[in-house]
Amino acid sequence: NAIESGLLDSYLDKLRIEYKERYELVCGILKQEPRLSILSIDEPRAGGYFIWVNFPPTVKADDFLSFSIDNYGVRFMAGTKTNAFPDDNDGIGIAIASCARICFADLHREDLREGTEKFVEA
């Protein structure tokens, strides 16, 4: 089977390299926009499929999502959609209202590059 033969380990090694390169691609583009803060930078990269981005406090992610879809065809997950406790009026819910979660695992690199560039342009 794949586990005993080492095929799974080999496949996972390839995935780690691929996702690291995608992560670096997206972060490199996002860093070009000084109004954005990348919240999920960690070195060495520990894993995951998402990059969290913080907008200036006056920008609400839900509003920016509508704008970016309508004007640039770019989608992301607004921070408010990730809140497991949306009825709690706490600091976390307020803070993530100005955040976006960007997935870098499900697009080909060129689509990821193009989408991230449009996200920054928006």
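Summarised in this report is the structure supplied together with it. (Residues numbered from 1 in each chain as written. Predicted model: local features only at pLDDT ≥ 70, side-chain atom pairs only at ≥ 80, totals over all residues. Heavy atoms only, no water.)

Here we take up the nonpolar core. Across soluble globular proteins, nonpolar side chains show a tendency to be buried alongside one another. The biggest cluster of nonpolar side chains holds 25 residues, and the ones touching the most others in it are L30, I51, F55, F76 and F119. Within the residue set of this core, elements represented by two or more residues are α2 (7-30), β2 (50-54), α3 (61-72), β4 (99-103) and α5 (109-121). Ranked by residues supplied to this core, first place goes to α2 with seven residues. (Core = buried A, V, L, I, M, F, W, Y, C linked by side-chain atoms within 4.5 Å. Buried < 20%, exposed > 50% of the residue type's maximum accessible area, 1.4 Å probe, protein only. Helix = DSSP H or I, 4+ residues; strand = E, 2+ residues; numbered from the N terminus.)

With that out of the way, let us pick up the pattern of salt bridges. One pass over the structure, following the stated rule, counts eight salt bridges. Between R16 and D13 there is a salt bridge; the shortest N-O distance is 2.9 Å. With R16 and D13 both in helix α2, this residue pair falls three residues apart, about one helical turn. R16 sits in the exposed class, given a relative accessible area of 53%. On the basis of relative accessible area, D13 is assigned to the partly exposed category, the value being 42%. Two residues, E18 and R109, come together in a salt bridge whose shortest N-O distance is 2.8 Å. Of this pair, E18 sits in helix α2 while R109 is found in helix α5, placing the two residues 91 residues apart along the sequence. On the basis of relative accessibility, which here comes to 23%, the residue E18 falls in the partly exposed class. (Salt bridge = Lys/Arg side-chain N within 4 Å of Asp/Glu carboxyl O.)

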